Amino acid sequence: MATKSKAFRAAAEKIAADKFYTPAEAVALAKETGSKKFDSTVEVALKLSVDPRKADQMVRGTVMLPHGTGKTARVIVFANGPAAEAAIAAGADEVGGSELIERVAGGWTDFDAAVATPELMGQVGRLGKVLGPRGLMPNPKTGTVTPNPAKAVEEIKGGKIEFRVDKHANVHFIVGKASFSAEQLDENLNAALEEIVRLKPSSSKGRYIQKGSVSTTFGPGIPLDVNAIA
């Protein structure tokens, strides 16, 4: 089994044993434990008390991070005509109809988000096996199936993130870069937490957020105090 790097161990030593951190404390500590060689991404993982196998307990949504993600998302759009032209003007990285669909069907997934107009979803639907496992399938619930793809592109590139509970009832999302100020990271994290709490299924019983952690790329997890969240 691979051993942890010296940098990882040094970062882990900054995390107090048996302590749970408030969101503000966690993101401030994440800045300290991030890599000194590159601008680490700050990530969050939450364990929810839901059963993803039940449709009424599937937690999925989007949120605009007040300070963005720190990266420019690569967005493709399945559209034709004026909608396609508007998407290009909005900054979409790739726009097209049947040709783009065939390209993705062939296995190309070098993008962070996909948007589609309603009239093309009949064709885009067959890309489920390619896009579904990667969380890239356009969905009207997240605003990525829309007659106005230009707006969707602007929002995604402006810092809109999508989250979805996985089969183990975990939710993962990013809240920015270690180069952000602690205040910016805290505001981004709280915006995401507020939306996830708002989407709590009525059928979910007991403590909704059971545990959570904040970490940076390749960094140790910083345990969150769930009592400070919900």
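Everything quoted here is computed from the prediction, not taken from an experiment.

Calculation rules
- Numbering of residues starts from 1 in each chain and follows the order in which that chain's sequence is written.
- Owing to the predicted nature of the model, reporting of local features is limited to residues with pLDDT of at least 70; listing and counting of side-chain atom pairs is limited to 80 or more, with chain, interface and lining totals taken over all residues.
- Just so you know, side-chain values use all the structure's heavy atoms and leave hydrogens and water out.
- To qualify as a helix, a DSSP run of H or I must reach at least 4 residues; to qualify as a strand, a run of E must reach at least 2; elements of each kind are numbered from the N terminus.
- Every radius of gyration here is taken over C-alpha atoms, with the globule rule written as 2.2 Å times N^0.38, N being the number of residues.
- Note on exposure labels: buried denotes an accessible area under 20% of the residue type's maximum, exposed denotes more than 50%, and partly exposed covers the range between, all computed with a 1.4 Å probe on protein chains only.
- Every residue pair with non-hydrogen atoms within 4.5 Å of one another is taken to be in contact.
- Exposure was quantified through the Shrake-Rupley algorithm and a 1.4 Å probe, taking into account, for residues, occlusion by the shown protein chains and nothing else.
- By nonpolar core we mean a set of buried residues, namely Ala, Val, Leu, Ile, Met, Phe, Trp, Tyr and Cys, connected to one another through side-chain atoms within 4.5 Å.
- Given a helix with a known number of residues, its expected span is that number minus one, times 1.5 Å.

1. Details of the overall build of the protein
Helix and strand counts for the protein stand at eight helices and nine strands. Taken over C-alpha atoms, the radius of gyration comes to 19 Å for the protein, in line with the 17 Å a tight globule of 230 residues would show. Each of the three principal axes of the protein carries a C-alpha extent, and together these read 55 × 45 × 35 Å. Looking at the 230 residues of the protein, the share that counts as buried comes to 46%. In the protein, 71% of the contacts between residues at least 6 apart in sequence involve partners at least 24 apart. Of the roughly 11,900 Å² of accessible surface on the protein, a fraction of 51% belongs to carbon and sulfur atoms.

2. Side note on the environment of Ile161
Following the sequence through the fold, Ile161 ends up in strand S6 (residues 160-164). Between the C-alpha atoms of Ile161 and Leu65, which are 96 residues apart in sequence, the distance is 7.3 Å. Here Ile161 is in contact with Gly61, Thr62, Val63, Leu65, Thr69, Phe173 and Ile174, once residues within four sequence places are set aside.

3. Points about the nonpolar core
By size, the foremost hydrophobic cluster in this structure holds 35 residues, and its most contacted members are Val44, Leu46, Leu48, Phe173, Leu189 and Val214. When residues of this core are traced back to their parent elements, those giving at least two are helix H2 (23-33), strand S1 (41-48), S6, strand S7 (170-177), helix H8 (182-198) and strand S8 (209-216). Within the second largest apolar cluster, 17 residues are counted, among which are Ala116, Leu120, Val130 and Val145.

4. Describing H8
Over its 17 residues, H8 runs 24 Å from end to end, which matches the ideal 24 Å to within 8%, given 1.5 Å per residue. For H8, the complete set of buried residues consists of Leu185, Asn188, Leu189, Ala191, Ala192, Leu193, Glu195 and Ile196. On its buried face, H8 sits against H2, S1, strand S2 (60-64), S6, S7 and S8.

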